[in-house]
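# Working through the structure, step by step
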Amino acid sequence: MPPKKNNSKRKNPPEKVQQSLKFFKVKEETSEESRLSDEGATICLVVPKHEGSCSEWPAPSIQMEEGRKFLMETVEGKHNVLIIPDKDADGLSSGAIALRSLVILGLPRDKIKIHFVSKGQSLHTKEEREKIEQGFPDVTRIIILDQGSRGGKEIVDPKEGKVKVLIVDHHHSKGEHPDHSQFVTAQNSYPIATSSLLTYMLVRDLHPQIPEKCDWLAVIGVYGDLSASVKWVDPWPDMTATIKRYGKTKMTEAVSLINAPRRTSQYDPETAWKAIVDAESPNQLLTSTDAESLREARQQVNAEIARWSRTPPVFNDEGTVALLRINSPCQIHPVIATRWSNSIKSKHLKMVMCSNSGYTEGSNGEKRVNFSCRIPKSIKDGDECPNLQDILVQYSDQLEGALYMRDHLMSDRLSREESRFRSWPQRSNSEDDFEQLVQVMRIGFKVEAKPKAPVNGGNTLDKLGFFKPKEEKKEEEKKEEENLCTK
Ligand SMILES: [Mn+2]
């Protein structure tokens, strides 16, 4: 671990919780910030109850009440609504629940519009704000789902209170939210609900038709963020009947299809949205005309994953960080990072990072590097769990002001699963900045081999003892291939 230097510019030292960061150059704070992205973040982990934990579930009751008022008032006032959901299964199902409920409550369908944040972008950027304001000038109510939240400037111009924003979310946000927004957050109500479940609980009792039409959507989001092995225990609602009615396998397949288009090079969350919002059940989704393009998207993504999954990791000199460099137009870096975090065995390793230099470009065409980090599975229960944020901040502090890590953004802190697996949201940064970071991390620095250590093409993996005996490795490779073919 690099020594932590004092950096007077970083005003808020990170807390010992998993949070996401953003990179930006100090000099160009605003412009850099606007090119950042956070996506693909899902963390399933046990977080001990902390000071701010809330005894009410799925969110503080005052927030739930105010949220329901917001929705009722939206319908009564026949407002033009813009729904901005995240692009994964949890976000899309949350959005579908919101849309369906508003329609059931009496809002005409054509009053509801949808917006997706651009590829590699964050909602909290100047570009996105302009897109929303210019693209939807008549909108007076905005519902933002599963996007994370942060303090600071309002999402759009509130036009003296004419435009109101409701944020429904479950990511950690340090209690901060954009100005002029109302929020319902599950972040302190353990076990933390997914956004889909939170949205469902918000609207469930507003109309008898809502649970009928939206129950399966709530499950889709839960499966998306927490997997189908999730246990529905108190205070979570008992959804056994719903799961039985629609079928666990069909629901899992629907999640896998919906999750694909956001990862393709075309970045096409609209198709997934259309499929989920038009379907009355997971089965209808799977047999719809959209399902074909969803399957194609999944194929493209799987092919890219297969193409890059053998990328060998390069380690830092201490063996604490493994870096995988890929160059893909698809958002597969989180997947590659996860795979390697499951397979590298080492007692030294604390972080697995996958960087992708082919995913997005900056607004002026300069190369960007997006990356995702994971805590390796080799870290056992009872071991001290590394804080990825701290690790990255400590490295960036050595950059003497060239880079600066910011810790106020979203992260997922889902305590539902008893899993040590954690993920790190995708970042993006200019290529030069990223190379500087790689330098201070001392990644790729030569490792002193012991005289009798096997020399195998100078591969640091061998020297650090990461490779398993050859026979065993072959077996694993075979399995991996089989997995890829079946997925
Ligand atoms: Mn989510």
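Residues numbered from 1 in each chain as written. Predicted model: local features only at pLDDT ≥ 70, side-chain atom pairs only at ≥ 80, totals over all residues.

## Comments concerning the overall build of the protein chain
This is how it is decided: Where helices and strands are cited, they refer to DSSP runs of H or I of at least four residues and of E of at least two residues respectively, numbered from the N terminus. Any pair of residues counts as being in contact when their C-beta atoms, constructed from backbone geometry, are within 7 Å of one another.
When its secondary structure is counted, the protein chain shows 16 helices and 14 strands. Pairs at least 24 residues apart make up 73% of the contacts formed inside the protein chain by residues separated by at least 6 positions.

## Some details on the sheet that holds strand β4 (residues 141-145)
Note the threshold: Pairing between strands is defined by DSSP: at least two bridges between the two strands are required. Fitted lines through C-alpha atoms give the axes, limited to the stretch in contact for helices. The angle between two N-to-C directions lies from 0 to 180 degrees.
The strand order β3-β2-β4-β5-β7 describes an open sheet built from 5 strands, whose pairing is parallel. Every interior strand has two partners, whereas the edge strands, β3 (112-114) and β7 (181-185), have only one. Strand-to-strand twist of the sheet, defined as the mean angle between neighbouring strand axes without regard to direction, takes the value 20°. Pairing analysis gives 5 bridges linking β4 to strand β5 (residues 164-169), with the strands arranged parallel. Within β5, the position partnered with isoleucine 142 by the bridge is valine 165. This element, helix α3 (residues 89-104), spans β2 (81-85), β3, β4 and β5 of the sheet and lies at about 160° to β2. Sheet contacts for helix α5 (residues 195-203): β4, β5 and β7; angle to β5, the most-contacted strand, approximately 120°.

## Quick look at unusual backbone geometry
Along the chain, tryptophan 57 connects to proline 58 via a cis peptide bond; the corresponding omega equals 5°. Mapped onto the elements, proline 58 comes out in the loop between α1 (29-33) and α2 (61-76). One non-glycine residue, glutamate 160, adopts positive backbone phi at about 50°. Along the chain, glutamate 160 falls in the loop between β4 and β5.

## Re the pairing of β4
Stated formally: Partly exposed residues are those falling between the two cut-offs: more than 12 but fewer than 20 other C-beta atoms within 10 Å of their own, whereas 20 or more means buried and 12 or fewer means exposed, with C-beta atoms placed from the backbone.
In terms of residue burial, β4 counts as a mostly covered element, since 5 of its 5 residues are buried. Burial along β4 is two-sided: Arg141, Ile143 and Leu145 facing one way and Ile142 and Ile144 facing the other are all buried. Where β2 lies against β4, 5 bridges are found, and the strand directions are parallel. From the neighbouring strand, leucine 82 faces β4, where its bridge partner is isoleucine 142.

## Remarks on the packing of helix α6 (residues 209-226) against helix α8 (residues 248-258)
Basically, it comes down to this: Reported orientations rely on four angle classes, namely roughly parallel under 35 degrees, roughly antiparallel over 145, roughly perpendicular from 65 to 115, and oblique for the rest. Throughout, a crossing is termed right-handed when the near helix is turned clockwise from the far one, and left-handed when it is turned anticlockwise from it by less than a right angle. Each residue is assigned to one class: nonpolar for Ala, Val, Leu, Ile, Met, Phe, Trp, Tyr, Cys and Pro, charged for Asp, Glu, Lys and Arg, and polar for all the others, Gly among them.
Interhelical geometry of α6 versus α8 gives an angle of 65° and a closest axis separation of 9 Å. Between α6 and α8, the crossing angle belongs to the class labelled roughly perpendicular. Pair α6 / α8 crosses with right-handed handedness. Counting all contacts with α6, which are made through Trp216, Val219, Ile220, Tyr223 and Gly224, the residues of α8 involved are Met251, Thr252, Ala254 and Val255. Looking at side-chain class alone, the contact of α6 with α8 contains 7 nonpolar, 2 polar and no charged residues.

## Some thoughts on helix α11 (residues 290-308)
The test is simple: Residue count minus one, scaled by 1.5 Å, sets the expected span of a helix. As used here, the arc is the angular range of directions from the helix axis to the C-beta atoms.
Here α11 contains 19 residues, and its C-alpha end-to-end distance of 28 Å stays within 8% of the 27 Å for a straight helix at 1.5 Å per residue. Of all the residues in α11, the buried ones are Asp290, Leu294, Ala297, Val301, Asn302, Glu304 and Trp308. Across the axial projection of α11, the buried residues extend over an arc of 160°, all falling on one side. For α11, the exposed residues lying more than 90 degrees away from the buried face are Glu292 and Gln299.

## Overview of the nonpolar core
Worth spelling out the cut-off: For the purposes of this analysis, a nonpolar core is taken to be any set of buried Ala, Val, Leu, Ile, Met, Phe, Trp, Tyr and Cys residues that are connected through C-beta atoms within 7 Å. Note that the domain bounds were set by an automatic or database domain assignment.
Membership of the largest hydrophobic core comes to 102 residues, with the highest contact counts inside it found for Ile142, Ala322 and Met353. A per-element tally of this core places α6 first, with 9 residues. Of the domains in this structure, domain 1 (22-48 + 305-486) and domain 2 (61-239) are the two that each give at least three residues to this core. Those residues in contact with isoleucine 142 that sit more than four places away from it in its chain are Leu82, Ile84, Ile155, Val156, Val163 and Val165.

## Let's talk about helix α9 (residues 269-278)
Along an α-helix, residues three or four apart share an orientation, since each turn contains 3.6 residues. Residues of α9 that are buried include every one of Pro269, Thr271, Ala272, Trp273, Ala275 and Ile276, and no others. Residues of α9 that are buried sit in contact with α3, β3, α8, α10 (282-287) and α11.

## What to know about the environment of serine 288
Relative to the helices and strands, serine 288 resides in the loop between α10 and α11. Spatially, the C-alpha atom of serine 288 lies 7.3 Å from that of alanine 275, the residues being 13 residues apart in sequence. Each residue touching serine 288, except ones within four places of it in the same chain, is listed here: Ala275, Asp278 and Ala279.

## As for the confidence of the model for the protein chain
Worth spelling out the cut-off: Per residue, pLDDT measures the predictor's confidence, with a range of 0 to 100.
Residues with a pLDDT of 70 or more make up 73% of the protein chain, whose mean pLDDT is 78. With pLDDT under 50 throughout, residues 402-426 is counted as low confidence; its partners more than four residues away or in other chains account for 127 contacts.

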